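Residue-level listing of the chains:
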There are 2 protein chains.
Amino acid sequence: MTRSLVLTALGLLLITSLPIRADDQDVIDYRTHVMKTLGEQLDAVGLILENKIPPDNLGAHLKVMAVTATQAKKAFEPKVQGGNAKSEIWTNWADFSKRIDELVAGTADLAAAGQNVAAVSGKMRSALKCKSCHDTYRKPLK
Amino acid sequence: MTRSLVLTALGLLLITSLPIRADDQDVIDYRTHVMKTLGEQLDAVGLILENKIPPDNLGAHLKVMAVTATQAKKAFEPKVQGGNAKSEIWTNWADFSKRIDELVAGTADLAAAGQNVAAVSGKMRSALKCKSCHDTYRKPLK
């Protein structure tokens, strides 16, 4: 009885101290949510810079992009193939990681321009290298 | 010649000082980008709270949700039917607007809990009323 109680206690201890074990699909879904967030907010910024939507939220969109960019590295750290990610992400991790750092810096720079439409427009091309990174590390979208 | 120059100058002045005129589809797309951002980040939070993904980014996700919530009212202000929005948004604007304010307050409250998984879990239900608001103001999704 005592032994069985101890075993039960040990079992509970083991269960509650287990590391989080993400299922591969969870990892893929998670990083997809992060990248789609960036895409949705970039599209919103695009509508503003094309003068189609008033710029009231411009600073808020750039702030969201800057904070979301900081989520990306952790999201891609688990070496889980699948989704739109090419395996080169992990074979060239140093380069990919550096590009994420540049995305973090670039979006922070854009966010610092706040509501200034002209300043943001001027910085966009140098701050964001979406296409170059996607061409290298993302599978062609269907 | 002088008159034509003046007319040209007046024309240019008129064009450059025209208010932004959003096409209806732009307005619909814009608010859809804002709401999808919330959805993507909420899904990421969900994976963390279900213990499927480590909580490293939890505070950053909640921060993004809080800033994105502040984008929503401006996005829905133009009375443009379409997309998933029900017309009740504009016929009951005072109520809809109050719910957006509650979303802003609720997400700010969640963001204040930062990386504290237990605190965030405990606050989720009271902080977010997604379903209630969607049931009232969003067309059923296909």
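Just so it is clear, the structure is predicted and the values come from calculations on it, not from any experiment.

## Concerning the overall build of chain A
Helices and strands together make up the secondary structure of chain A, namely seven helices and zero strands. Each helix and strand of chain A, placed in order from N terminus to C terminus, yields the pattern α-α-α-α-α-α-α. For chain A, the residues scored as buried account for 37% of the 142 residues in total. When contacts within chain A are restricted to residue pairs at least 6 apart in sequence, those whose partners lie at least 24 apart make up 70%.

## Considering helix α5 (residues 93-112) of chain B
All names here are of chain B. The terminal C-alpha atoms of α5 lie 28 Å apart, and with 20 residues this matches the ideal 28 Å at 1.5 Å per residue to within 8%. Residues of α5 that are buried include every one of F96, S97, I100, L103, G106, T107 and L110, and no others. Next to the buried residues of α5 lie α2 (24-49), α3 (58-76), α4 (88-91), α6 (117-127) and α7 (130-137). Note on α5: the residue one or two positions beyond its end, G114, has a positive phi of about 55°.

## Quick word on the confidence of the model for chain A
Caution applies to low-pLDDT regions: their predicted coordinates should not be interpreted in detail. Residue and element names in this part refer to chain A. Here chain A averages 90 in pLDDT, and 85% of its residues register 70 or above. When the criterion is pLDDT under 50, residues 10-17 qualifies, and its contacts beyond four places in sequence or with other chains add up to zero contacts. Scored by ipTM, the complex comes to 0.85, with pTM at 0.86.

## A short note on the relation of the copies chain B and chain A
Superposition of the two copies of the chain requires a rotation about an axis together with a shift along that axis. Rotating chain B by 180° and moving it 0.0 Å along the rotation axis overlays it on chain A with an RMSD of 0.0 Å. Both chain copies can therefore be described as sitting about a two-fold axis. Both copies share a contact surface, since 100% of the interface residues of chain B are interface residues in chain A too.

## Concerning the environment of B:G39
Residue and element names in this part refer to chain B. When you line up the elements, G39 lands in helix α2. Note on G39: relative accessible area 28%, which makes it partly exposed. It is 9.8 Å that separates the C-alpha atoms of G39 and C130, two residues lying 91 residues apart in sequence.

## A short note on the state of the cysteines
A covalent bond between the sulfur atoms of two cysteines is referred to as a disulfide. All names here are of chain A. Inspection of every chain in the model, using the stated rule, returns zero disulfides over all chains. Considering cysteine sulfurs only, C130 is the nearest to C133, which forms no disulfide, with 8.6 Å between them. When its relative accessible area of 17% is taken as the criterion, C133 is described as buried.

## Here's the deal with helix α6 (residues 117-127) of chain A
The α-helix advances 3.6 residues per turn, and as a result positions three or four apart in sequence lie on the same side. Residues and elements named next belong to chain A. For α6, the set of buried residues is V120, M124 and A127. Each buried residue of α6 lies within a common arc of 95° when the element is viewed along its axis, so the set occupies one face. The outward face of α6, more than 90 degrees from its buried face, is lined by the exposed residues A118, G122, R125 and S126. Packed against the buried residues of α6 are α2 (24-49), α3 (58-76) and α5 (93-112). Measuring from the side-chain oxygen of the N-cap residue of α6 to the backbone nitrogen of A118 gives 3.2 Å; that N-cap residue is N116.

## Points about the interface of chain B and chain A
Between chain B and chain A, the residue contacts involve 35 residues of the former and 35 residues of the latter. Buried area between chain B and chain A, summed over both chains or domains, comes out near 2800 Å², and the portion from carbon and sulfur atoms is 63%. Summed over the shared surface of chain B and chain A, the number is two salt bridges. With a shortest N-O distance of 3.6 Å, A:D56 and B:K74 are connected by a salt bridge.

Reading guide: rules and limits
Residues numbered from 1 in each chain as written. Chains lettered and ligands numbered in written order. Predicted model: local features only at pLDDT ≥ 70, side-chain atom pairs only at ≥ 80, totals over all residues. Heavy atoms only, no water. Helix = DSSP H or I, 4+ residues; strand = E, 2+ residues; numbered from the N terminus. Buried < 20%, exposed > 50% of the residue type's maximum accessible area, 1.4 Å probe, protein only. Contact = heavy atoms within 4.5 Å. Expected span 1.5 Å × (residues − 1). pLDDT = per-residue confidence, 0-100. Least-squares fit on C-alpha atoms with pLDDT ≥ 70 in both. Disulfide = S-S within 2.5 Å. Arc of directions from axis to C-beta. Polar contact = N/O pair within 3.5 Å; in protein donor to acceptor, adjacent residues only side chain to side chain. Buried area = accessible area lost by both parts, 1.4 Å probe. Salt bridge = Lys/Arg side-chain N within 4 Å of Asp/Glu carboxyl O.

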